[in-house]
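Structure at a glance
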Amino acid sequence: MARRRHQVLSAAVAGACVTLCACGAGSGSSATGSSAASARAATSRSAELTVRFCDNANSFMRQIPAAPPTKHLSTALARGNLRKVLQSTVEGFTRLEAVAPSSLREPLAAIVAVYKSDEKAVTAPGSLAQISESTVKGNASGSAAFQQVLRYISARCK
């Protein structure tokens, strides 16, 4: 993770240096200087948000509860385990939403809604097959949101 942070920060510094070289070297006016400063601040802020988002995403993914040690669970234990995983997932995506770039806030809100719907399905009466069917339908409805967040993570969180 430290390497990812280092790479993102290095890219931000390199971007700021390019901006300084391109804008600041030949400038004589304060307006150009302030434009360069604005560009550096925007680049730095964007890189900072990306690093924070990626760190939180990585941490959140590591904290999702593990699968139960056995595949032979009672219905009550299976529901309890699923409820625990869904609660953790809702909390994690909600925290990500708070530090996400603006382009990801809407997709993350959609993902949170999908998992909250899954939580309701787990607490509703019915068989595990019915719960599974309900969650699959809900997850399919959030497919575009999941894809958008995964594309961002794969492109920016290296």
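Residues numbered from 1 in each chain as written. Predicted model: local features only at pLDDT ≥ 70, side-chain atom pairs only at ≥ 80, totals over all residues. Heavy atoms only, no water.

1. Some points on the overall build of the protein
The following threshold applies: The way it works is that DSSP assigns letters per residue, a run of H or I at least four long becomes a helix, a run of E at least two long becomes a strand, and they are numbered from the N terminus. By the convention used here, residues are in contact when the closest approach between their heavy atoms is within 4.5 Å. For the accessible areas, the method is Shrake-Rupley and the probe is 1.4 Å, while residue cover comes only from the protein chains on display.
Looking only at helices and strands, the protein features 6 helices and 0 strands. Walking the protein from its N terminus toward its C terminus, one meets helices and strands in the order α-α-α-α-α-α. Intrachain contacts of the protein at a sequence separation of at least 6 include 74% that bridge at least 24 residues. Accessible surface, the protein as shown: approximately 9,600 Å² in total, 58% of it carbon and sulfur.

2. A few points about the packing of aromatic side chains
Rules: The rule is short: rings of Phe, Tyr and Trp, with Trp giving its six-membered ring, pair when the centres are within 6.5 Å, and they are stacked under 30 degrees, edge-to-face over 60, tilted in between. Throughout this description, buried means an accessible area under 20% of the type-specific maximum (1.4 Å probe, protein chains only), exposed means over 50%, and partly exposed covers the range between.
In the structure shown here, the tally under the stated rule is 4 aromatic pairs. Plain terms: the ring middles of Phe53 and Tyr152 are 5.5 Å apart, the flat faces sit at 85 degrees to each other, and that makes the pair edge-to-face. Here the residue Phe53 occupies a position in helix H2 (residues 30-63), and Tyr152 occupies one in helix H6 (residues 143-156), the gap between them amounting to 99 residues. By relative accessible area, which is 0% here, Phe53 ends up buried.

3. Considerations on the state of the cysteines
Quick reminder of the rule: The disulfide criterion used throughout: a pair of cysteine sulfur atoms within 2.5 Å.
Evaluated as defined, the whole model comprises 1 disulfide. Each sulfur in the disulfide pair Cys54 and Cys157 lies 1.8 Å from the other. Between Cys54 and Cys157, the S-S dihedral sits near -75 degrees, and the bridge is therefore left-handed. Taken together, the positions of Cys54 in helix H2 and Cys157 in the segment after H6 put the pair 103 residues apart, joining distant regions of the chain. Accessibility expressed as a relative area gives 12% for Cys157, which makes it buried.

4. Here's the deal with the nonpolar core
Rules: Put simply, a nonpolar core is a bunch of buried Ala, Val, Leu, Ile, Met, Phe, Trp, Tyr and Cys residues held in one set by side-chain atoms that sit within 4.5 Å of each other.
Residues Phe53, Phe93, Leu96, Leu104, Leu108, Ile111 and Tyr115 are the most contacted members of the largest nonpolar core, which totals 23 residues. When residues of this core are traced back to their parent elements, those giving at least two are H2, helix H3 (75-99), helix H4 (102-123) and H6. Among the elements that take part in this core, H4 stands out by supplying 7 residues, more than any other. Those residues in contact with Tyr115, other than ones at most four positions away along the chain, are Leu86, Thr89, Val90, Phe93 and Phe146.

5. Digging into H4
Under the convention used in this document: Expected span, for any helix, means 1.5 Å times one less than how many residues it has.
Taking 1.5 Å per residue as the helical rise, H4 with its 22 residues ought to reach 32 Å, and the 33 Å between its terminal C-alpha atoms agrees with that figure. Within the span of H4, buried status applies to Leu104, Pro107, Leu108, Ile111, Val112, Val114, Tyr115, Asp118, Ala121 and Val122.

6. Remarks on the environment of Phe60
In this structure, Phe60 sits in helix H2. If we skip the residues at most four places from it in the chain, Phe60 touches Ser88, Thr89, Gly92, Phe93 and Leu96.

7. Description of the environment of Ile64
Considering the arrangement of structural elements, one finds Ile64 in the loop between H2 and H3. Taking the C-alpha atoms as reference, Ile64 lies 6.2 Å from Ser88; in sequence the two are 24 residues apart. Not counting the four nearest positions on each side in its chain, Ile64 is found in contact with Val85 and Ser88.

8. Regarding the confidence of the model for the protein
For the record, the criterion: Scored from 0 to 100, pLDDT records how confident the predictor is in each individual residue.
A residue-level look at the protein finds 70% of positions with pLDDT of 70 or above and a mean pLDDT of 73. By mean pLDDT, helix H1 (residues 2-24) is the weakest element of the protein at 32, and H6 is the strongest at 92. Between residues 1-33, whose pLDDT stays under 50, and residues either more than four places distant or in other chains, the model counts 24 contacts.

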